[in-house]
Amino acid sequence: MFTLPLDILLIFTAISPVIGWVTPKYNRSKIGGVFSAIALSVSGIALYSLYKEVSVKGAIYVTGNSLIAGYLKVDMLSIFMVSIFLGLGLAATIYSMEYVENSSRSPIYYTLILSMISGMVGIVFSGDLFTLYVFWELMSISSYALVAFFREKWESVEASLKYLIIGVAGSATALFGISLLYGLAGTLSFEGLATAFTGTANIWLYIAAIFIFVGFGVKAAIVPLHTWLPDAHSSAPSTISALLSGIVIGTGVFVIARTFFSAFASIQEQWFPVIAILSLLTMFLGNITALLQTDLKRMLAYSSIAQVGYMLVGIAVGTQTGLTGTFLQFFNHALMKGSAFLCAGAIIHQLSVRELKDMVGVGRRMPITAVVFSISLFALIGLPPFNGFISELTLVTSTFQANMAWLGVALILNAALSAAYYLQIIRVIMQKPTLESVQKAKETPLLMLIPICALAVFIVAFGIWPDPIVSFAQHAAGTLVPGGLL
Amino acid sequence: MIDLTGYLVFSMGLYAIGLYCLATKRNMLRLVLGIELLINAANINFISFAAFAMPGFVDPLGNAFVCISIGLGGAVSAVALGVIVLAYRHYGTLDVAELRRLKG
């Protein structure tokens, strides 16, 4: 069918509802979680063998002539992205075993998570826009359903409906853009599009670029299109917030990078400044609005918008260093924001409140969670011993190299601005407890602590010893830039 | 026989009507119809480009894409209608303007 890691994920996704229905009700959530964790781990092992093959050959093209097939292109960038998806997905599924109650609906939950992750894996493996669009819809539809998973809460339903309407309108816009590209070039593969448009700058090419940028930019939450994000990310179950915020918005950034560095490479000069301005708007609006929030999850959701702005900085610079910064930031953001959302979820799970003022001093009662939460927040600010610093430094360096110092200065200013609300969260949870509900709070259960602590270990490890991940990101970025170091 | 421009103008018009519907209508079911209009505008583009790719020849890629896209559109509508049913149970109305309890 497709490549081995993707096949494994799709087969496990298809089996998971059956496993869910035949298991006894009282430990359904645990069995489903173990099953999904096995699926993601097996897929990870298959990914490693694929990685060895790709590192020798450069890129693998899979066309396939069976009944179910697609045109896939597996290169270093795809492997880099998939490793993040599987890693954060594994953390989220282990966490879910405790987090999701043993209801009759928990099998659906794991099926949807697996199908969302396989959709994302398919997106980064796809070699043409046709395959990409199909997997894009697989990812999107599962995420709409997951946001509304706690269907007895009005806020989940409202957020899901908002997300669905805006997201589907975005996908349809992207589809319209893809149809224009098809009409212009007669093909949809990335290589075919790149060769078809070299040296031409048709007005229709610009129109198609706008449609595709708007369409995929909706999922990436680039500023004028971000309105769904704070609602959807804060109302979803916390594991889903971690996945949506950590990897789904990054997938949007990936698709924009993939199409704009292949199909629209001939009009690069025109769209670099546009993306630079949008990244500036995105990070300022995200950070300033986050300062005004009182709800913990909404604050983290707005900070995700700001982080998308940082990722766009690398794309706007467009050099290999810039793109290395983008993908490194994406990797680190998945770790940091995944960990932060899971910690916030643990606190909300123990206290059943979401407002920051009701959490005063909760860190004294949940010390491990509080320490890990603080580590991820310090990393999100970009403080030196953690991984966020490395990626932000790479991005700032790339802007200075490309004579776009104003963008780098804006990024530094934003990192300082973001410290204001991250430090406020740490101050609130570390204070002396005053509220009765906080006094009675207990430490997070073990199954939820394991993935959080594992993510924190990675945050510290990649901050102290970033070389392997930086060179991995460099190889990944080299596949997009012509003449890039592979 | 109508040439390609006619079909393109038609699909652009359909897309504009879909956007207008999404922007002005307050009934949730009408929003789903607007989304379907957007997807169908893109589908018509694919079909017409496939038909006019070469004289006397229809490109199968465009038609294959449209078959899959219709299926995906159906799946999206199904999920949308499911969420709308849930919203109706919570709010007792199909008016999207009533769904303003979340701030921002």
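What counts as what
Residues numbered from 1 in each chain as written. Chains lettered and ligands numbered in written order. Predicted model: local features only at pLDDT ≥ 70, side-chain atom pairs only at ≥ 80, totals over all residues. Heavy atoms only, no water. Helix = DSSP H or I, 4+ residues; strand = E, 2+ residues; numbered from the N terminus. Rg over C-alpha atoms; globule rule 2.2 N^0.38 Å. Buried < 20%, exposed > 50% of the residue type's maximum accessible area, 1.4 Å probe, protein only. Contact = heavy atoms within 4.5 Å. Areas by Shrake-Rupley, 256 points an atom, 1.4 Å probe, with all protein chains shown as cover. Lys, Arg positive; Asp, Glu negative; His and termini not counted. Charge placed at Lys NZ, Arg CZ, Asp CG, Glu CD. Expected span 1.5 Å × (residues − 1). Axes fitted to C-alpha atoms, helices over the stretch in contact; angles between N-to-C directions. Parallel < 35°, antiparallel > 145°, perpendicular 65-115°, else oblique. Nonpolar A, V, L, I, M, F, W, Y, C, P; charged D, E, K, R; others polar. Bend = angle between axes of the 7 residues up to and from the residue. Pairing = 2+ DSSP bridges. Patch = residues over 30% accessible without salt bridge, like charges linked within 9 Å, V, L, I, M, F, W, Y side chains within 5 Å. Salt bridge = Lys/Arg side-chain N within 4 Å of Asp/Glu carboxyl O. Phe/Tyr/Trp six-rings, centres within 6.5 Å; stacked < 30°, edge-to-face > 60°. Buried area = accessible area lost by both parts, 1.4 Å probe. Polar contact = N/O pair within 3.5 Å; in protein donor to acceptor, adjacent residues only side chain to side chain. Left-handed = near helix turned anticlockwise from the far one by under 90°.

1. Looking at the overall build of chain B
(1) Moving on: Assigned secondary structure in chain B consists of 3 helices and 0 strands.
(2) Moving on: Counting from the amino terminus, chain B carries its helices and strands in the arrangement α-α-α.
(3) Moving on: In terms of C-alpha radius of gyration, chain B reaches 17 Å, well past the compact-globule figure of 13 Å for 104 residues.
(4) Moving on: Seen through its principal axes, chain B has C-alpha atoms that stretch 55 × 25 × 25 Å.
(5) Moving on: Every one of the 104 residues in chain B was classed for burial, and the buried ones make up 38%.
(6) Moving on: Contacts in chain B between residues far apart in sequence, at least 24 positions, make up 57% of those at least 6 positions apart.
(7) Moving on: Of the roughly 5,600 Å² of accessible surface on chain B, 69% is carried by carbon and sulfur atoms.

2. Things to note about the overall build of chain A
(1) Moving on: Counting its regular elements, chain A contains 20 helices and 2 strands.
(2) Moving on: Over its C-alpha trace chain A gives a radius of gyration of 21 Å, about what one expects of a compact globule, namely 23 Å for 486 residues.
(3) Moving on: If one aligns the C-alpha atoms of chain A with their principal axes, the spans along those axes are about 70 × 55 × 40 Å.
(4) Moving on: Buried residues in chain A amount to 65% of all 486 residues.
(5) Moving on: Sequence separation of at least 24 residues holds for 80% of the intrachain contacts in chain A that already meet a minimum separation of 6.
(6) Moving on: With an accessible surface of roughly 15,600 Å², chain A has 70% of that area assigned to carbon and sulfur atoms.
(7) Moving on: Within chain A, one finds 23 positive and 20 negative side-chain charges whose respective centroids are separated by 8 Å.

3. Description of unusual backbone geometry
Residue and element names in this part refer to chain A.
(1) Moving on: Unlike most non-glycine residues, Ser352 shows phi in positive territory, near 55 degrees.
(2) Moving on: Summarising the element assignment, Ser352 is placed in the loop between helix H13 (320–351) and helix H14 (362–365).
(3) Moving on: At Asn403, a residue that is not glycine, the phi angle is positive and equals roughly 60 degrees.

4. Quick notes on helix H15 (residues 367–381) of chain A
Residue and element names in this part refer to chain A.
(1) Moving on: Along its 15 residues, H15 runs 21 Å from first to last C-alpha, staying within 8% of the 21 Å computed at 1.5 Å per residue.
(2) Moving on: Of the residues making up H15, those classed as buried are Thr369, Ala370, Val372, Phe373, Ser374, Ile375, Ser376, Leu377, Ala379, Leu380 and Ile381.
(3) Moving on: Gly382 sits one or two residues past H15 and shows a positive phi near 105 degrees.

5. A look at the side chain of A:Thr324
Residues and elements named next belong to chain A.
(1) Moving on: Position of Thr324 among the secondary structure elements: in helix H13.
(2) Moving on: With a relative accessible area of 2%, Thr324 lands in the buried category.
(3) Moving on: Not counting residues within four places of it along the chain, the set of residues in contact with Thr324 comprises Val470, Ala473, Gln474 and Ala477.

6. Considering the packing of helix H1 (residues 4–22) of chain A against helix H2 (residues 28–57) of chain A
Residue and element names in this part refer to chain A.
(1) Moving on: Remark: H1 packs on H2, axes separated minimally by 9 Å, with the N-to-C direction vectors making an angle of 170 degrees. As far as their axial angle goes, H2 and H1 are roughly antiparallel. Across the interface between the two elements, Leu4, Pro5, Ile8, Leu9, Phe12, Ile15, Ser16, Ile19, Gly20 and Trp21 from H1 touch Arg28, Ile31, Phe35, Ile38, Ala39, Leu40, Val42, Ser43, Ala46, Leu47 and Leu50 from H2.
(2) Moving on: Along the lines of polarity and charge, the residues of the contact of H1 with H2 split into 17 nonpolar, 3 polar and 1 charged.

7. Concerning helix H10 (residues 238–260) of chain A
Residue and element names in this part refer to chain A.
(1) Moving on: Here H10 spans 33 Å end to end across 23 residues, near enough to the 33 Å set by a 1.5 Å rise per residue.
(2) Moving on: The principal kink in H10, of about 35 degrees, is found at Leu244.
(3) Moving on: Within H10, 23 of the 23 residues are buried, which leaves the element mostly enclosed by the surrounding structure.

8. Regarding the pairing of strand E1 (residues 59–62) of chain A
Residues and elements named next belong to chain A.
(1) Moving on: A one-sided burial pattern is seen for E1, the buried positions being Ile60 and Val62 and the unburied ones Ala59 and Tyr61.
(2) Moving on: Bridge analysis of E1 against strand E2 (residues 72–75) gives 4 bridges, and the strand direction is antiparallel. The residue bridging Ala59 from the neighbouring strand is Asp75, located in E2.

9. A few points about a nonpolar patch on the surface
Residue and element names in this part refer to chain A.
(1) Moving on: Taken together, Ile11, Ile15, Val18 and Val22 make up a surface patch of nonpolar side chains, about 360 Å² in accessible area.
(2) Moving on: With respect to the helices, strands and loops of the structure, Val22 is situated in helix H1.
(3) Moving on: With a relative accessible area of 65%, Val22 lands in the exposed category.

10. Some words on the packing of aromatic side chains
All names here are of chain A.
(1) Moving on: Scanning the model with the defined rule gives 32 aromatic pairs over all chains in all.
(2) Moving on: Ring centres of Tyr109 and Phe149 lie 5.1 Å apart, and the angle between their planes is 55 degrees; this geometry places the pair in the tilted category. Here Phe149 lies in the loop between helix H5 (129–147) and helix H6 (154–185) and Tyr109 lies in helix H4 (residues 106–125), a separation of 40 residues in the sequence. Neither Tyr109 nor Phe149 differs from the other in exposure class; each is buried.

11. Notes on the interface of chain A and chain B
Accessible area lost upon the coming together of the parts is a frequently used measure of interface size.
(1) Moving on: Contacts between chain A and chain B engage 39 residues on the former and 41 residues on the latter.
(2) Moving on: For the pair chain A and chain B, the summed buried area comes to about 3,700 Å², and 79% of that belongs to carbon and sulfur atoms.
(3) Moving on: Linking chain A with chain B are 0 salt bridges, by the criterion used here.
(4) Moving on: Inspection of the chain A/chain B interface yields 6 residue pairs in polar contact (both at pLDDT 80 or more).
(5) Moving on: The set of elements that each furnish at least two residues to the side of chain A that touches chain B consists of H5, H6, helix H8 (203–220) and helix H9 (229–235) of chain A.
(6) Moving on: Counting residues per element, the side of chain A that touches chain B draws most heavily on H6(A), which supplies 21 residues.
(7) Moving on: Residue classes in the side of chain A that touches chain B are distributed as 22 nonpolar, 7 polar and 10 charged.

12. So, the side chain of A:Thr259
All names here are of chain A.
(1) Moving on: Tracing the backbone through its elements, the reader meets Thr259 in helix H10.
(2) Moving on: Here the side chain of Thr259 touches Val255 through a polar contact of 2.9 Å, landing on its backbone oxygen.
(3) Moving on: Residue contacts for Thr259: discarding those within four places in its chain leaves Leu129, Phe190, Ile212 and Phe264.

13. Things to note about the packing of helix H1 (residues 4–24) of chain B against helix H2 (residues 28–52) of chain B
A pair of packed helices is captured by two measures, namely the crossing angle of their axes and the spacing between those axes.
All names here are of chain B.
(1) Moving on: Direction vectors running N to C along H1 and H2 enclose 165 degrees, while the axes themselves pass 8 Å from each other. One element, H1, and the other, H2, form an angle in the roughly antiparallel class. The two elements H1 and H2 cross, and the hand of that crossing is left-handed.
(2) Moving on: Considered class by class, the residues forming the contact of H1 with H2 number 18 nonpolar, 6 polar and 1 charged.

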